[in-house]
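One letter stands for each residue in the lines below.
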Amino acid sequence: KQEVTQIPAALSVPEGENLVLNCSFTDSAIYNLQWFRQDPGKGLTSLLLIQSSQREQTSGRLNASLDKSSGRSTLYIAASQPGDSATYLCAVRRVETSGSRLTFGEGTQLTVNP
Amino acid sequence: GAVVSQHPSRVICKSGTSVKIECRSLDFQATTMFWYRQFPKQSLMLMATSNEGSKATYEQGVEKDKFLINHASLTLSTLTVTSAHPEDSSFYICSAQRGPGRIYGYTFGSGTRLTVV
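Calculation notes
Residues numbered from 1 in each chain as written. Chains lettered and ligands numbered in written order. Predicted model: local features only at pLDDT ≥ 70, side-chain atom pairs only at ≥ 80, totals over all residues. Heavy atoms only, no water. Helix = DSSP H or I, 4+ residues; strand = E, 2+ residues; numbered from the N terminus. Rg over C-alpha atoms; globule rule 2.2 N^0.38 Å. Buried < 20%, exposed > 50% of the residue type's maximum accessible area, 1.4 Å probe, protein only. Lys, Arg positive; Asp, Glu negative; His and termini not counted. Charge placed at Lys NZ, Arg CZ, Asp CG, Glu CD. pLDDT = per-residue confidence, 0-100. Pairing = 2+ DSSP bridges. Axes fitted to C-alpha atoms, helices over the stretch in contact; angles between N-to-C directions. 1 Å grid on protein atoms, 1.4 Å probe; cavity = no way out; pocket = protein on both sides within 12 Å on 5 of 7 lines; lining within 4 Å. Points joined across faces, edges and corners; volume = space filled by probe spheres on them. Contact = heavy atoms within 4.5 Å. Buried area = accessible area lost by both parts, 1.4 Å probe. Salt bridge = Lys/Arg side-chain N within 4 Å of Asp/Glu carboxyl O. Nonpolar A, V, L, I, M, F, W, Y, C, P; charged D, E, K, R; others polar.

Concerning the overall build of chain B
Of regular secondary structure, chain B possesses zero helices and 11 strands. Listing each helix as α and each strand as β along chain B from the N terminus yields β-β-β-β-β-β-β-β-β-β-β. For 117 residues, the compact-globule formula gives about 13 Å, and the C-alpha radius of gyration of chain B, at 14 Å, lands near that figure. By principal-axis analysis of the C-alpha atoms, chain B measures approximately 40 × 30 × 25 Å. Split into buried and exposed, the 117 residues of chain B put 52% on the buried side. Between the mean site of the 12 positive side-chain charges and the mean site of the 8 negative ones, chain B shows a separation of 5 Å.

Written out as structure tokens, the structure reads:
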């Protein structure tokens, strides 16, 4: 059974810092990995999608890496801003079929202080 | 981009009544949609997989008679919480995939906060 762990559970940083969020998964046989952002009381916003054959994906100040063999992914946020404050979730998908479920980590709650 | 619309965003109902939550894919067809439940400070828990034109697949421990799922078209899935009780109060979120998995990930609705009083 796939298990996804995110470290740290919570993180508080001053504005402008670069930071790294970690995600690990126990079964390396994944199809892809997706990073999401969730604001309080809201749904999930997809940030980055990394296919199993890819090593990293970038979008603006965000960079996500994937090391499938070691079961790890990191989300790097450059020059953090107060607006980045949210809970960040990573989720892995086992197979390509449309009914394939996501397995989520518990999330990292990020607070960026002005 | 792919948009999944979920309604209502908030609902308060009396214990014993039923509540219906809608999940629509606005600009794509979704043969499969997923329904999740989220408790405060916790991650998402998959409740069921909704398949267009067939019965939903429920996760272990989820009562299918309690949480009725209907996926009658390629753009609409509904979750009905029947005979709701205070312990059913939670945040419910749906998701769907726009197209091939190698290109698209999953898109999520904005969630429904259900409070049963």
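Observations concerning the confidence of the model for chain B
Averaged over every residue, the pLDDT of chain B is 91; the share at 70 or more is 95%. For chain B, strand S10 (residues 106–108) of chain B is the element with the lowest average pLDDT, namely 90, and strand S11 (residues 112–116) of chain B is the one with the highest, namely 97.

Brief notes about the sheet that holds strand S8 (residues 76–81) of chain B
What links the strands of a sheet is backbone hydrogen bonding, and the strands pair in either a parallel or an antiparallel sense. Residues and elements named next belong to chain B. Taken in spatial order, the four strands make up an open sheet running S1-S3-S8-S7, and their pairing is antiparallel. Looking along the sheet, the strands with just one partner apiece sit at the ends: strand S1 (4–7) and strand S7 (67–73). Strand-to-strand twist in this sheet, taken as the mean axis angle between neighbours without regard to direction, amounts to 15°. Direction of pairing for S1 relative to strand S3 (residues 19–25): antiparallel, over a ladder of four bridges. Within the sheet, the bridge partner assigned to Val 4 lies in S3 and is Ser 25.

Some details on the layout of surface pockets
Estimated volume of the largest pocket: approximately 680 Å³. Together, 27 residues line the largest pocket, and Lys 1 and Arg 101 of chain A together with Met 45, Leu 46 and Glu 59 of chain B are the ones closest to its centre. Sorting the residues of the lining of the largest pocket by element identifies strand S1 (4–7) and strand S10 (102–104) of chain A together with strand S4 (32–38) and strand S5 (44–51) of chain B as the ones contributing at least two each. With four residues, S5 of chain B is the single largest residue contributor to the lining of the largest pocket.

Some words on the interface of chain B and chain A
Contacts between chain B and chain A engage 25 residues on the former and 25 residues on the latter. Carbon and sulfur atoms supply 47% of the area that chain B and chain A bury against each other, a total of about 1,800 Å² over both sides. Applying the counting criterion to the chain B and chain A interface returns one salt bridge. Across the pair Glu 59 of chain B and Arg 101 of chain A runs a salt bridge, and its minimum N-O distance is 2.7 Å. Those elements giving two or more residues to the side of chain B that touches chain A turn out to be S4, S5, strand S9 (90–97) and S10 of chain B. Take the side of chain B that touches chain A: its biggest share by element is four residues, from S4 of chain B. A class-by-class count of the residues in the side of chain B that touches chain A yields 10 nonpolar, 11 polar and four charged.

Quick word on the sheet that holds S1 of chain A
Residue and element names in this part refer to chain A. With antiparallel pairing, five strands are arranged side by side in an open sheet as S1-S3-S8-S7-S6. With one partner strand each, in any of the chains shown, S1 and strand S6 (56–59) form the two edges of the open sheet. When the angles between neighbouring strand axes are averaged without regard to direction, this sheet yields 15°. Looking at chain direction, strand S3 (residues 19–25) and strand S8 (residues 72–77) are connected through six bridges and run antiparallel. Paired with Val 20 across the two strands is Tyr 76, which belongs to S8.

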